[in-house]
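# Structure at a glance
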Amino acid sequence: MTKLGLFFAKKSINRSDVSRKTGISKTRLSELANNVNTQLKVKELYLISLAIDEDPGELLKEVCKDLKLPK
């Protein structure tokens, strides 16, 4: 499961509602939530944050929290 998928699970977010509100297909949301190789687009992150009434910056921090600059 991806960081976005864990976020959805932790907040009990209904993917069907997110799909309906954003226009992002349920299949794409499932890929974003389950496949670690699937790249999340900024546009998708922003639309998802609007649909779930979450600050886009906070959602970005959550899904990218393990990223670090190389030494």
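As the structure is a prediction and not an experimental result, all values here were calculated from the model.

Turning next to helix α2 (residues 15-22). Turning to α2, its buried residues number three or more, namely Val18, Ser19 and Thr22. All buried residues of α2 fall inside an arc of 100° around its axis, so they share one side. α2 presents Arg20 and Lys21 as exposed residues on the side facing more than 90 degrees away from its buried surface. Buried residues belonging to α2 abut α3 (26-34) and α4 (42-51). Between the side-chain oxygen of the N-cap and the backbone nitrogen of Ser16 there are 2.8 Å, and the N-cap of α2 in question is Asn14. Of the residues flanking the end of α2, it is Gly23, one or two places downstream, whose phi is positive at about 85°.

What follows concerns the environment of Pro56. As for its placement among the helices and strands, Pro56 is situated in helix α5 (residues 56-63). Separated by 42 residues in sequence, Pro56 and Asn14 place their C-alpha atoms 18 Å apart. With sequence-adjacent residues up to four places away left out, Pro56 is seen in contact with Leu45, Tyr46 and Ser49.

This part covers the side chain of Ser49. Residue placement: Ser49 occurs in helix α4. Residues contacting Ser49, with those up to four places away along its chain left out, are Glu54, Asp55, Pro56 and Leu59.

All told, the structure shown has six salt bridges when counted by the stated rule. Across the pair Arg28 and Glu44 runs a salt bridge whose closest N-O atoms are separated by 2.7 Å. Highlighted residues: Arg28 in helix α3 and Glu44 in helix α4, separated in sequence by 16 residues. When its relative accessible area of 9% is taken as the criterion, Glu44 is described as buried. A salt bridge links Glu62 to Lys65, with the shortest nitrogen-to-oxygen separation between them at 3.1 Å.

Rules used throughout
Residues numbered from 1 in each chain as written. Predicted model: local features only at pLDDT ≥ 70, side-chain atom pairs only at ≥ 80, totals over all residues. Heavy atoms only, no water. Buried < 20%, exposed > 50% of the residue type's maximum accessible area, 1.4 Å probe, protein only. Helix = DSSP H or I, 4+ residues; strand = E, 2+ residues; numbered from the N terminus. Arc of directions from axis to C-beta. Contact = heavy atoms within 4.5 Å. Polar contact = N/O pair within 3.5 Å; in protein donor to acceptor, adjacent residues only side chain to side chain. Salt bridge = Lys/Arg side-chain N within 4 Å of Asp/Glu carboxyl O.

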